[in-house]
Amino acid sequence: MSPAMSNNSGAVVAAAAAATAAFTIVILSHFIFSNRKNCREKTHSSLPKFSRSKSVADGVIGVIGNTPLIKINSLSEATGCEILAKAEFLNPGGSVKDRVAEKIIQEALQSGDLVKGGVVTEGSAGSTAISLAMVAQAYGCKCHVVIPDDAAIEKAQILEALGATVERVRPVSITHKDHFVNVARRRAVEATDYAKEREAQEVRRASKGEVKPCENGEFKEISDCYPYPCDSIGSALDDAIRGGTQINPNGQVKESSYLRTELSRDECKGGFFADQFENLANFRAHYEGTGPEIWEQTGGNLHAFVAAAGTGGTLAGISHFLQDQNPDIKCFLIDPPGSGLFNKVTRGVLYTREEAEGKRLKNPFDTITEGIGINRLTKNFQMARFLMKNDGLFVGSSSAMNCVGAVRVAGLLGPGHTIVTILCDSGMRHLSKFYNPQYLSAHSLTPCASALEFLG
């Protein structure tokens, strides 16, 4: 074979080899691509399908409620019952009170009792104030909270961080005009009076041609002849916004113009008193929300519900709904020593031995277990530590009380029953007292239980 023919044959072979290699690469690439596509399709088809409406919440309000129902393993194993708890501490504001705050403010806005830019006021030593501060901001409102001056310091810090103004007052009887709830009610009236007076003055100025109305209903200056001073409405209005309480070193309460900071701001659109103890929106939040969630999550298979009571909204709303579905479901109030609710339910009289003449605490509102009523001093620290040690649940005092109630009910009903309770909030708001070893030791309260023997 001539060299030329040999070279040509080599070239042909090389070309064929190259073509074969290229074809193989194409086939392999197609196979790999197809396999990846099939894998992706298979993977995607195996994932749960969520619609956008379910996977994306409408702001912070959209994630209030629909909390998980969890089994408390340690208590279930100890009692032979299935003890389930609604994890309300997973609400965005950290407590069950988010539901109440959202319902109260939503209904107030719908009714016109509150408008955007208005101030929501409340007297609260517990979690309600924190939830109101958060929800108010989400709805474009402000929040002013009045609390007793012995409330845990972290609660006031949280409130201020959420943009609320905080007014601390001396603890006094609910019948006293300066009880923190009564002060909060008064603040709402003062804010509304201020807004009305400001609007009336704007109308008067408009009639004189000093300002003109805008499309949004507000007024703006026509000239600079009368610059509007935010603190010069007049002596009558000055008197109206006075009434904030300050405490002198001798313990006496005096009047002051405390609220010029928030309630007398130009943009204030009036006040609304949330009134959590009397507002039926509190009840409706649980009758329309928490109760139906529990029913659905348990498939209607529960025998009892138990909870402590502060305002009573959670217990009343959930109990009423559950018993509407099944009258055989038993509902229980767990009430600590120092509270008169037990005697109120059983005997019709709001009384307890701790309230007897000569036995009242010097300051009856100095409480460790804030959130389950404020006139109570209890020794229920063991359950909170037990849950932390055995279940990793870091709960607050109300939640611990509810779990004590669940165990009591389990003992009453016997093994094999399903009992539901509420984990109202976490322990993060109870660090300065309930979880403070030094504070507890000073009050001769040192938790040491390793099991449930503290329940007796």
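Predicted model, so just to flag it, every value in this text is computed and none were measured. (Residues numbered from 1 in each chain as written. Predicted model: local features only at pLDDT ≥ 70, side-chain atom pairs only at ≥ 80, totals over all residues. Heavy atoms only, no water.)

Draft legend 1. Focus on the sheet that holds strand 2 (residues 82-87). Pairing is mixed across the open sheet formed by five strands, whose spatial order is 1-2-13-11-12. Each having just a single partner strand, strand 1 (69-71) and strand 12 (330-333) make up the two edges of the open sheet. The mean inter-strand angle of the sheet, taken between neighbouring strand axes irrespective of direction, is 25 degrees. Bridging between strand 2 and strand 13 (residues 418-423) involves six bridges; their strand directions are parallel. The residue bridging Ile83 from the neighbouring strand is Ile419, located in strand 13. Sheet strands in contact with helix 13 (residues 397-413) are strand 2, strand 11 (304-307), strand 12 and strand 13, and its direction is about 170 degrees off that of strand 13. (Pairing = 2+ DSSP bridges. Helix = DSSP H or I, 4+ residues; strand = E, 2+ residues; numbered from the N terminus. Axes fitted to C-alpha atoms, helices over the stretch in contact; angles between N-to-C directions. Contact = heavy atoms within 4.5 Å.)

Draft legend 2. Molecular detail of unusual backbone geometry. Positive phi outside glycine occurs at Asn66, with the angle close to 55 degrees. The topology assignment puts Asn66 in the loop between helix 2 (52-55) and strand 1. Residue class for Asn66 comes out exposed when judged on its relative accessible area of 65%. (Buried < 20%, exposed > 50% of the residue type's maximum accessible area, 1.4 Å probe, protein only.)

Draft legend 3. How the structure looks around the pairing of strand 3 (residues 119-123). Of all the five residues making up strand 3, five are buried; the element is thus mostly covered by neighbouring parts of the structure. The alternating pattern of strand 3 places Val119, Thr121 and Gly123 and Val120 and Glu122 on opposite faces, both of which are buried. Taken together, the five bridges between strand 3 and strand 4 (residues 142-148) define a ladder with parallel strand orientation. Directly across from Glu122, in strand 4, lies its bridge partner Val145. For the handedness criterion, the β-α-β arrangement of strand 3, helix 5 (residues 127-138) and strand 4 is classed as right-handed. Of the strand pairs in this sheet, strand 3 and strand 10 (residues 271-273) are connected by three bridges, and their pairing is parallel. By the bridge assignment, Thr121 is partnered in strand 10 with Phe273. (Right-handed = clockwise from strand over helix to strand, strands pointing away.)

Draft legend 4. Highlighting the packing of aromatic side chains. What the rule picks out here adds up to two aromatic pairs. Note on Phe283 and Tyr287: the rings are 5.7 Å apart at their centroids and 15 degrees apart in plane angle, and the pair reads as stacked. Note that Phe283 and Tyr287 are positioned in helix 9 (residues 281-298) at a spacing of four residues, about one turn of the helix. Geometrically, the ring pair formed by Tyr287 and Phe321 is edge-to-face, given 5.6 Å between the ring centres and 80 degrees between the ring planes. A residue pair is termed long-range when its members are at least 10 positions apart, and Tyr287 in helix 9 and Phe321 in helix 10 (residues 313-325) qualify at 34 residues. (Phe/Tyr/Trp six-rings, centres within 6.5 Å; stacked < 30°, edge-to-face > 60°.)

Draft legend 5. The arrangement of the sheet that holds strand 5 (residues 165-169) in detail. What the four strands build is an open sheet, ordered 5-4-3-10; its pairing is parallel. At either end of the open sheet lies a strand with only one pairing partner, and these are strand 5 and strand 10. Direction aside, neighbouring strands of the sheet carry axes that sit 20 degrees apart on average. Two strands pair when backbone bridges link them, and strand 4 and strand 5 are joined in this way by five bridges, in the parallel orientation. For Val146, the partnering residue across the bridge sits in strand 5 and is Glu167. Strands strand 3, strand 4, strand 5 and strand 10 of the sheet are contacted by helix 7 (residues 180-207), whose axis makes an angle of about 155 degrees with strand 10.

All quantities given are derived from atomic positions and should not be read as evidence of function.
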